Amino acid sequence: RTVGRFFAGHVLATLAVAVLVLPGAAVGWQFASDVARAPDFGVSAGLAAIAGAMVVVVWRRRGRVAGVVVLVAVFGFFASRLLVTGSLSHYLSESEHVVAALTGICLEGALA
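Residues numbered from 1 in each chain as written. Predicted model: local features only at pLDDT ≥ 70, side-chain atom pairs only at ≥ 80, totals over all residues. Heavy atoms only, no water.

Caption draft 1: Structural view of the overall build of the protein. Along the backbone of the protein there are five helices and zero strands. Secondary structure elements in the protein, listed N-terminal to C-terminal, are α-α-α-α-α. Principal axes of the C-alpha set define a box for the protein whose edges measure 50 × 30 × 20 Å. Out of the 112 residues in the protein, the part that is buried amounts to 30%. (Helix = DSSP H or I, 4+ residues; strand = E, 2+ residues; numbered from the N terminus. Buried < 20%, exposed > 50% of the residue type's maximum accessible area, 1.4 Å probe, protein only.)

Caption draft 2: Quick look at helix α3 (residues 44-62). Between its first and last C-alpha atoms α3 spans 26 Å; for 19 residues at 1.5 Å apiece the expected length is 27 Å, and the two agree. Among the residues of α3, those classed as buried are A45, G46, A48, A49, A51, G52, A53, V55, V56 and V58. (Expected span 1.5 Å × (residues − 1).)

Caption draft 3: Up close: the pattern of salt bridges. Inspection of every chain in the model, using the stated rule, returns two salt bridges. The salt bridge partner of E108 is R1, with a shortest N-O separation of 2.8 Å. Placement of the pair is E108 in helix α5 (residues 88-111) and R1 in the segment before α1 (2-26), with a sequence separation of 107 residues. Overall, E108 belongs to the buried group, its relative accessible area being 4%. Judged by its relative accessible area of 58%, R1 falls in the exposed class. Across the pair E108 and R5 runs a salt bridge, and its minimum N-O distance is 3.0 Å. Here the residue E108 occupies a position in helix α5, and R5 occupies one in helix α1, the gap between them amounting to 103 residues. Assessed through its relative accessible area of 7%, R5 is described here as buried. By sharing partners, the salt bridges in this structure join R1, R5 and E108 into a single network. (Salt bridge = Lys/Arg side-chain N within 4 Å of Asp/Glu carboxyl O.)

Caption draft 4: Broad picture of the nonpolar core. The biggest cluster of nonpolar side chains holds twelve residues, and these are A13, A45, A48, A49, A51, V55, V58, V70, V74, F78, A100 and A101. Put simply, the parts of the chain that give this core at least two residues each are α3, α4 (64-84) and α5. A per-element tally of this core places α3 first, with six residues. Apart from the residues within four sequence positions on either side, A48 is in contact with F78, H97, A100 and A101. (Core = buried A, V, L, I, M, F, W, Y, C linked by side-chain atoms within 4.5 Å. Contact = heavy atoms within 4.5 Å.)

Treat this as a map of the structure, not an account of what it does.
Here it is as structure tokens:
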């Protein structure tokens, strides 16, 4: 299950960013072209998906209060990164993490 959440979160989050970046690259937006060509070797989106899935697991096993604490911690971390990010490329990668965490929550909630 964990591996499935990892890969699904990574792939879906990458595709979500691609939906934003590729049209910009197609019309000649230089920033979008740079982001579109940059390799993504990191595992951070997959780990964000696992963190999202962990919210559901904790909620079910430890109760609503513990689940909310983990939810606030996970999304608080990503929200704080979005707020302190200075460049658009970092903003996109942090947005990718939020999408991945939401994917993990949805998959764990629906399939577990």
